[in-house]
Amino acid sequence: MRDDGWGKIRATTVLAVRKNGKCVMGGDGQVTLGETIMKHKASKVRLMYQDTVLAGFAGAAADAFNLFERLEGKLESYGGNLVRAAVELAKDWRTDKILRKLEALLLAADQEHMLIISGTGDVIEPDMSVAAIGSGGPYALAAAQALAAHSDLGAAAIVQESLKIASSICLYTNDHITLCELE
């Protein structure tokens, strides 16, 4: 992330879990600039393409909204095919001089795929049905993997509890959680 004079802009925590036919994505609400909390209840996850795709971001908000728009456009162009849309977005993001400067990560999921998309051209599909991005991502990911493997909790409860755990560890994550779900 860039240094803007106030210090580093810190990311957030976004987590997706697929379990028992449900896919749920959640994100915390904290927006931090340097060492200052600027907002507590931001929404960083949303439904896209006729409510068949979940998307969440970590990073600079204006950059993420630009990427959300572009992902939505790619989904429209490719009939909701998430993998194709993600690959095309990543290609544009990496090769376009303006897009290349965007500072964000995207997490996108549909009923079949869960993808982490970056500006370096990465489109990564994790081996497990759990993925996370942002500064609190590793904490939420570890908690979600453990809960998915060793509890009877559903996807929404796993996301909720894992984000709460991340918020208790990561300074840049809070417990104002937004959930979006596919069925």
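Summary of the structure given here. Because the structure is predicted, anything quoted here is derived from the model rather than measured. (Residues numbered from 1 in each chain as written. Predicted model: local features only at pLDDT ≥ 70, side-chain atom pairs only at ≥ 80, totals over all residues. Heavy atoms only, no water.)

**Quick look at the packing of helix 3 (residues 137-150) against helix 4 (residues 155-169)**
Turning to step 1, where the next piece is worked out: Interaxial distance between helix 3 and helix 4 falls to 8 Å at its minimum, and their mutual angle equals 140 degrees. Viewed along their axes, helix 3 and helix 4 adopt a mutual orientation that is oblique. For the pair helix 3 and helix 4, the sense of crossing is right-handed. Residues Tyr139, Ala140, Ala143, Ala144, Leu147 and Ala148 of helix 3 lie in contact with helix 4, whose contacting residues are Ile158, Glu161, Ser162, Leu163, Ile165, Ala166 and Ile169. (Axes fitted to C-alpha atoms, helices over the stretch in contact; angles between N-to-C directions. Helix = DSSP H or I, 4+ residues; strand = E, 2+ residues; numbered from the N terminus. Parallel < 35°, antiparallel > 145°, perpendicular 65-115°, else oblique. Left-handed = near helix turned anticlockwise from the far one by under 90°. Contact = heavy atoms within 4.5 Å.)

**Quick look at the nonpolar core**
Within soluble globular proteins, side chains that are nonpolar tend to cluster in buried spots.
Turning to step 1, where the next piece is worked out: Counting 22 residues, the largest nonpolar core has Met48, Leu67, Leu71, Leu75, Leu106 and Ile117 as the members making the most contacts within it.
Turning to step 2, where the next piece is worked out: Listed by contribution, the elements that provide at least two residues to this core are strand 6 (53-59), helix 1 (61-77), helix 2 (82-95), strand 7 (104-109) and strand 8 (114-117).
Turning to step 3, where the next piece is worked out: No other element matches helix 2, which puts six residues into this core.
Turning to step 4, where the next piece is worked out: Excluding residues within four positions of it along the chain, Leu106 makes contact with Gly56, Phe57, Leu67, Phe68, Leu89, Leu115, Ile116, Ile117 and Ile133.
Turning to step 5, where the next piece is worked out: With 15 residues, the next largest nonpolar core counts Met25, Val45, Leu54 and Ile116 among its residues. (Core = buried A, V, L, I, M, F, W, Y, C linked by side-chain atoms within 4.5 Å. Buried < 20%, exposed > 50% of the residue type's maximum accessible area, 1.4 Å probe, protein only.)

**A word on helix 4**
Turning to step 1, where the next piece is worked out: Its 15 residues place the ends of helix 4 21 Å apart at the C-alpha level, agreeing with the 21 Å of an ideal helix rising 1.5 Å per residue.
Turning to step 2, where the next piece is worked out: Burial in helix 4 covers these residues: Ala155, Ile158, Val159, Ser162, Leu163, Ala166 and Ser167. Summarising the axial view, the buried residues of helix 4 lie within an arc of 160 degrees, below the 170-degree limit, and thus occupy one face.
Turning to step 3, where the next piece is worked out: The elements touched by buried residues of helix 4 are strand 1 (14-19), strand 2 (22-27), helix 3 and strand 11 (178-182). (Expected span 1.5 Å × (residues − 1). Arc of directions from axis to C-beta.)

**Structural notes on the side chain of Thr13**
Turning to step 1, where the next piece is worked out: With respect to the secondary-structure elements, Thr13 resides in the segment before strand 1.
Turning to step 2, where the next piece is worked out: The class for Thr13 is buried, based on a relative accessible area of 0%.
Turning to step 3, where the next piece is worked out: In this structure the side chain of Thr13 is engaged in a polar contact, spanning 3.2 Å, whose partner is the backbone nitrogen of Gly136.
Turning to step 4, where the next piece is worked out: A polar atom in the side chain of Thr13 sits 2.5 Å from the side chain of Thr173. (Polar contact = N/O pair within 3.5 Å; in protein donor to acceptor, adjacent residues only side chain to side chain.)

**A short note on the sheet that holds strand 9 (residues 123-124)**
Strand pairs in the sheet, formed through backbone hydrogen bonds, run parallel or antiparallel to each other.
Turning to step 1, where the next piece is worked out: Strand order in this open sheet of five strands is 5-6-7-8-9, and the pairing throughout is antiparallel. Edge positions in the sheet fall to strand 5 (45-48) and strand 9, since each of these pairs with one other strand and no more.
Turning to step 2, where the next piece is worked out: Sheet analysis places strand 6 next to strand 7, joined by six bridges and oriented antiparallel. In the strand pairing of strand 7, Ala55 is matched with Ala108.
Turning to step 3, where the next piece is worked out: Where helix 1 meets the sheet, it contacts strand 5, strand 6 and strand 7, and its direction lies at approximately 155 degrees from that of strand 6.
Turning to step 4, where the next piece is worked out: Running over the sheet, helix 2 touches strand 6, strand 7, strand 8 and strand 9 and is turned about 5 degrees from strand 8. (Pairing = 2+ DSSP bridges.)

**Focus on a nonpolar patch on the surface**
Turning to step 1, where the next piece is worked out: Taken together, the side chains of Tyr139, Ile165 and Ile169 make up a nonpolar region of the molecular surface, amounting to roughly 260 Å² of accessible area.
Turning to step 2, where the next piece is worked out: By the element assignment, Ile165 lies in helix 4.
Turning to step 3, where the next piece is worked out: We classify Ile165 as partly exposed; its relative accessible area is 36%. (Patch = residues over 30% accessible without salt bridge, like charges linked within 9 Å, V, L, I, M, F, W, Y side chains within 5 Å. Areas by Shrake-Rupley, 256 points an atom, 1.4 Å probe, with all protein chains shown as cover. Salt bridge = Lys/Arg side-chain N within 4 Å of Asp/Glu carboxyl O.)

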